[in-house]
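Examining the three-dimensional arrangement
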Amino acid sequence: GNVQAANLISQVKPIYPQSARDAGIEGTVRLQGIIGVDGRLIGLRVLSSNDPDLAAAAMESVRQWVYRATLLNGSPIEVVTDISVEFALVP
């Protein structure tokens, strides 16, 4: 079939948790979710994270993301996606 991939159209940046910032914690939070037919993420879950506060901040921001849905033969379909959110302290 004819597949048109999802495109991110609205991305809310995560807020770096003060507790992680104060502790000097950096890292990547890996998430997995389903882009629904309406372009919103459903079933979002943490795959890996080195800090629970970073994971919570990533989840909070990514839940607000909006995609242009994936189309299969012109009809929107649900697709699984993996998302990485980077947290890095800037000196």
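This text goes with the structure placed above it.
Heads up: these notes are all about the structure in this document. (Residues numbered from 1 in each chain as written. Predicted model: local features only at pLDDT ≥ 70, side-chain atom pairs only at ≥ 80, totals over all residues. Heavy atoms only, no water.)

1. Side note on the environment of V37
- For V37, the position within the fold is in the loop between β3 (27-35) and β4 (41-48).
- V37 gets classed as partly exposed once you look at its relative accessible area, which sits at 47%. (Helix = DSSP H or I, 4+ residues; strand = E, 2+ residues; numbered from the N terminus. Buried < 20%, exposed > 50% of the residue type's maximum accessible area, 1.4 Å probe, protein only.)

2. Points about the side chain of T81
- Mapped onto the secondary structure, T81 falls in strand β8 (residues 79-87).
- Not counting chain neighbours up to four residues away, the residues in contact with T81 comprise L31, Q32, G33, I35 and L41. (Contact = heavy atoms within 4.5 Å.)

3. Overview of the sheet that holds β4
- One open sheet accounts for three strands, arranged β4-β3-β8; its pairing is antiparallel. For this open sheet the edge positions go to β4 and β8, each flanked by a neighbour on one side alone. Going from strand to strand, the sheet's axes swing by 25 degrees on average, the running direction of each strand aside.
- Where β3 lies against β4, five bridges are found, and the strand directions are antiparallel. (Pairing = 2+ DSSP bridges. Axes fitted to C-alpha atoms, helices over the stretch in contact; angles between N-to-C directions.)

4. Observations concerning the sheet that holds strand β1 (residues 3-4)
- Pairing is antiparallel across the open sheet formed by three strands, whose spatial order is β1-β6-β7. At either margin of the open sheet sits one strand with a lone partner, and together these are β1 and β7 (75-77).
- Here strand β6 (residues 70-72) runs beside β7; their pairing, made up of three bridges, is antiparallel. Within β7, the position partnered with L71 by the bridge is P76.

5. A short note on the nonpolar core
- Counting 18 residues, the largest nonpolar core has V29, L31, L41, V62, I83, V85 and F87 as the members making the most contacts within it.
- When residues of this core are traced back to their parent elements, those giving at least two are β3, β4, α2 (52-62) and β8.
- With six residues, α2 is the single largest residue contributor to this core.
- In contact with V85, other than residues within four places in its own chain, are P14, G27, T28, V29, L31, A58 and V62. (Core = buried A, V, L, I, M, F, W, Y, C linked by side-chain atoms within 4.5 Å.)

6. What about the packing of aromatic side chains?
- What the rule picks out here adds up to one aromatic pair.
- Geometrically, the ring pair formed by Y16 and F87 is edge-to-face, given 5.3 Å between the ring centres and 85 degrees between the ring planes. Taken together, the positions of Y16 in the loop between β2 (7-10) and α1 (18-23) and F87 in strand β8 put the pair 71 residues apart, joining distant regions of the chain. Comparing Y16 with F87, the two get one shared label, buried.
- Taking the ring centre of Y16 as reference, the NZ or CZ of R21 above it sits at 4.6 Å. (Phe/Tyr/Trp six-rings, centres within 6.5 Å; stacked < 30°, edge-to-face > 60°. Lys NZ or Arg CZ within 6 Å of the ring centre and 35° of its normal.)

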